[in-house]
Each structure stands twice: as structure tokens, then as C-alpha cells.
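One-letter residues, chain by chain:
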Amino acid sequence: MDLTRRDFHFGLITAAATLPSLAAAQSPAGDAAILARVDPELREGARMILSRPLPDPLTPDAVRAIRRTLPPAPSPLPPPAAAVERRVAPGIAGSPPVGVIVINRKSGTPPRPAILHIHGGGMILGRVADTIVASQRLAEELDCVVVEADYRLSPETPFPGPLDDCHSALVWLHAHAAELGVDARRIAVMGESAGGGLAAMLAIAARDRRTVPLCYQLLIYPMLDDRTGSTRAVPPFIGTIGWNAAANRFGWTSFLGRPAGSVQVPTGAVPARVDDLRGLPPAFIGVGSLDLFVGEDIAYATRLIDAGVATQLHVTPGAYHGFDGIAPKARVAIAFTTAWKGALRAAFAASA
């Protein structure tokens, strides 16, 4: 199992395993029924996740315990791998500066495309350091610059803090494009899970604030709708492996500063509740058919298409949340990764 990209998916299940008093595993019969729906190549990873469930209930104290027990982040790859630089972007008025990590900056070369990458973690977990190695490899593969946004987490920092941090990083990237060797016309946003939700929010914010013209939004199993698992139920076999309905309610409640599924939420905080999606950058949305987010992701892709936004939707049968990071060598994971990388290459080429 390749765990190079130790994002929050692996970190969650590893840390949760150290909290046995807070978690109870599925019954063998329940596991068997769930696993029967999983792609055969993904079942080993699914068994591991089911044996190490999230704390129940998920509370602020449990979140802090998970953060304390996460394994050390992998060290960045040494030269000749893409160089890693730590910089600071000014925060929005009243907000602190935002740490950014610049990967693969080169001088004396023609301007190249760039990705602002936002890590996942359910709005409550995740570390930018865990994504550096994967972003080094992606930057080299696509010959681009990757900038990581080190945004603040909830519940300590609710909306709009995390979004403002990501927006500050994006504005900084655009303003420093020449220095970074970036083509300002070819900047994309990308994220997984909560990072995908923040990337979608950021695309909307950049449009509404008229700040940075984005060429693409790459949303990997994005967290888009606070109503999933709160006021909108999902079938019992969906969202049972890894991130589940209870965790989703807690994550959104922490982020919104009010109960998930409330009648009213802050403007711009929930992509699925934004009325007008016109004028957003082209999008790729990828998700597994057993992921808690599959329904909301398909619905959002449909709304983007209806709004005239060029959108590619990729649904992987028998796949759960974070499957590509848990079993990256599985056939369906390779196909999934190939699809989104191809979409990003095409977007960069079309914007050249």
C-alpha cells in the first residue's frame, strides 16, 4: 500500500485506532454486506478503515486527540525533485498572514501554469505538510508550480476564516506570478474532500470578488453540501467507509458555527447552496459511488452544466471516500487519477 500521500484519509483512520474507547467497529455481518459492494481491489483498504472507525461521537476533544496522534509528516523529496519554499501571504484585513508553500518555482523559464492546492480533512483536520511530496511529484509531472495554502482549521476558526486564508493565498499567487514563473492566465484551484469544497468556495469567491481569473477547478470527492447526513439522508450502504454522516455533521457544524443543515447558512459558505453558478471556471468533479458525497457531487456537477460551465464528472463504481490514496495501485484508482490529470493538462493547454 503506497502511503506517500498521507493526507487526512490515512491519518484519520490511523489516529482513530489509538482511541478504542471512543470507537466501535462494525459487526462482521455488517462489514460483509458493505464489502460486497466495494471494488475487489479496494477491499483490503476498506477492511482496514472499517476496523479503525472514526471516534463516535466526534467531539472537539476527540479532534484534538486525533491531531496529537497523527504520524509525523513525510519529509519533502530532496533535489533533484521539485524545490520547496516556504513563504507568507498577507491575510485579508483583520486576518493573520497565511503560510504558503511554493513547489517547483524556476527562474529563467517560460511562464508555466500553477495550481493552488487545498488539503482535505473535513474542515477540522489535515496538515499542509502531508501533501508536499505528492505536490512535488505532480508539479514535475505537469511541469507546473504548485502552491499549498496553510489555512486555519475549524472549530477554532469557523467560516469565513478558512476560505479567506485560501483566497489570500490565491491572490498572493496571482500577484507574484511573474516572480514565481507562473502564467497568470493559467491558474487552477484543486482540493480533495474538504479541500475540494474549499476550492469550489474559492472559485465562487474569486468570481464574486473579481480578484483572480481561474482557468480550472479540480474537485476531488469534494465536500459541498452541509445538508448531507443532516437534513438529507443517504442510502445505508453509502458513506459507511471512512468519512460518514455523523462526522460530516460535526465537520460542517464546526465550519459554519451553527448546526449543519440549518435553514440559513452564511453566504458563500456552502457551494451547493449558492444560487448562481454561472461564470465559474470549467470543472472536474470525481467521486466514488460509495462515497458519502456522491449524491451532492453529482448534483453540483449537474447544476454547473445547467449554468453553462464546462464540467467533467467521473464516478468510480465500488469506490469509497479517499480510495485513490488508500489503494493507489488499484485499476480504478489509476483510471481515476489518469482522468483528473488528463483534464488538468487539457485545461492548461486550452488556456495557453
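Residues numbered from 1 in each chain as written. Predicted model: local features only at pLDDT ≥ 70, side-chain atom pairs only at ≥ 80, totals over all residues. Heavy atoms only, no water.

Novice: What should I look at first to understand the overall build of the chain in this one?
Specialist: Each helix and strand counted, the chain has twelve helices and eight strands in total. Against the globule reference of 20 Å for 352 residues, the chain gives a C-alpha radius of gyration of 19 Å, in line with a compact fold. Judged by the C-alpha coordinates and their principal axes, the chain covers about 60 × 45 × 35 Å. Expressed as a percentage of its 352 residues, the buried residues of the chain come to 56%. In the chain, the share of contacts with a sequence separation of at least 24, taken over all contacts with a separation of at least 6, comes to 78%. Working note: accessible area of the chain is about 13600 Å², and carbon and sulfur atoms make up 57% of it. For the chain, the distance from the average site of its 33 positive side-chain charges to the average site of its 31 negative ones is 1 Å. (Helix = DSSP H or I, 4+ residues; strand = E, 2+ residues; numbered from the N terminus. Rg over C-alpha atoms; globule rule 2.2 N^0.38 Å. Buried < 20%, exposed > 50% of the residue type's maximum accessible area, 1.4 Å probe, protein only. Contact = heavy atoms within 4.5 Å. Areas by Shrake-Rupley, 256 points an atom, 1.4 Å probe, with all protein chains shown as cover. Lys, Arg positive; Asp, Glu negative; His and termini not counted. Charge placed at Lys NZ, Arg CZ, Asp CG, Glu CD.)

Novice: I'm lost on the packing of aromatic side chains in this one. Help?
Specialist: Both the distance between ring centres and the angle between the ring planes are used here to describe each pair of aromatic rings. Tallying each qualifying case throughout the model produces four aromatic pairs. Arranged with centres 6.2 Å apart and planes meeting at 10°, the rings of Tyr221 and Phe336 form a pair that is stacked. Taken together, the residues span a long stretch of sequence, with Tyr221 in the loop between strand 6 (216-220) and helix 9 (245-256) and Phe336 in helix 12 (residues 331-351) at a distance of 115 residues. A single burial state applies to Tyr221 and to Phe336, both of which are buried. Between Trp252 and Phe255 the ring centres are 5.9 Å apart and the planes differ by 75°, which places this aromatic pair in the edge-to-face class. Placement of the pair is Trp252 and Phe255 together in helix 9, with a separation of three residues, close to one helical turn. Each member of the pair, Trp252 together with Phe255, is buried. An aromatic cluster is present here, built from Phe159, Trp252 and Phe255 joined pairwise through their rings. Sitting over the face of the ring of Phe237, Arg37 holds its NZ or CZ atom 3.8 Å from the ring centroid. (Phe/Tyr/Trp six-rings, centres within 6.5 Å; stacked < 30°, edge-to-face > 60°. Lys NZ or Arg CZ within 6 Å of the ring centre and 35° of its normal.)

Novice: Teacher, can you tell me more about a nonpolar patch on the surface here?
Specialist: A cluster of nonpolar side chains, namely Ile298, Leu313 and Val315, defines an oily patch on the protein surface of about 190 Å² accessible area. For Ile298, the position within the fold is in helix 10 (residues 294-306). Residue class for Ile298 comes out partly exposed when judged on its relative accessible area of 33%. (Patch = residues over 30% accessible without salt bridge, like charges linked within 9 Å, V, L, I, M, F, W, Y side chains within 5 Å. Salt bridge = Lys/Arg side-chain N within 4 Å of Asp/Glu carboxyl O.)

Novice: Help me out: how do you make sense of the confidence of the model for the chain in this one?
Specialist: Caution applies to low-pLDDT parts of the model: their predicted coordinates are not meant to be read in detail. Taken as a whole, the chain shows an average pLDDT of 92; of its residues, 92% reach a score of 70 or greater. Per-residue pLDDT stays below 50 along residues 1-25; that stretch engages in 69 contacts with residues further than four places along the chain or on separate chains. (pLDDT = per-residue confidence, 0-100.)

Novice: Mind showing me how you'd approach the pattern of salt bridges here?
Specialist: Note on pairing: side chains with opposite charge can pair once their charged atoms come close. Under the counting rule described, the total for this entry stands at 19 salt bridges. For the salt bridge of Asp130 with Arg127, the shortest nitrogen-to-oxygen distance reads 2.9 Å. When its relative accessible area of 27% is taken as the criterion, Arg127 is described as partly exposed. Arg209 is the partner of Asp164 in a salt bridge, and the nearest nitrogen-oxygen pair spans 3.4 Å. Residue Asp164 is located in helix 6 (residues 161-175), and its partner Arg209 is located in helix 8 (residues 194-209); the two are separated by 45 residues in the primary sequence. Among the residues examined, Asp164 registers a relative accessible area of 11% and is labelled buried. Judged by its relative accessible area of 37%, Arg209 falls in the partly exposed class. One connected set of salt bridges, linked through shared partners, spans Glu85, Arg87, Arg105 and Glu179.

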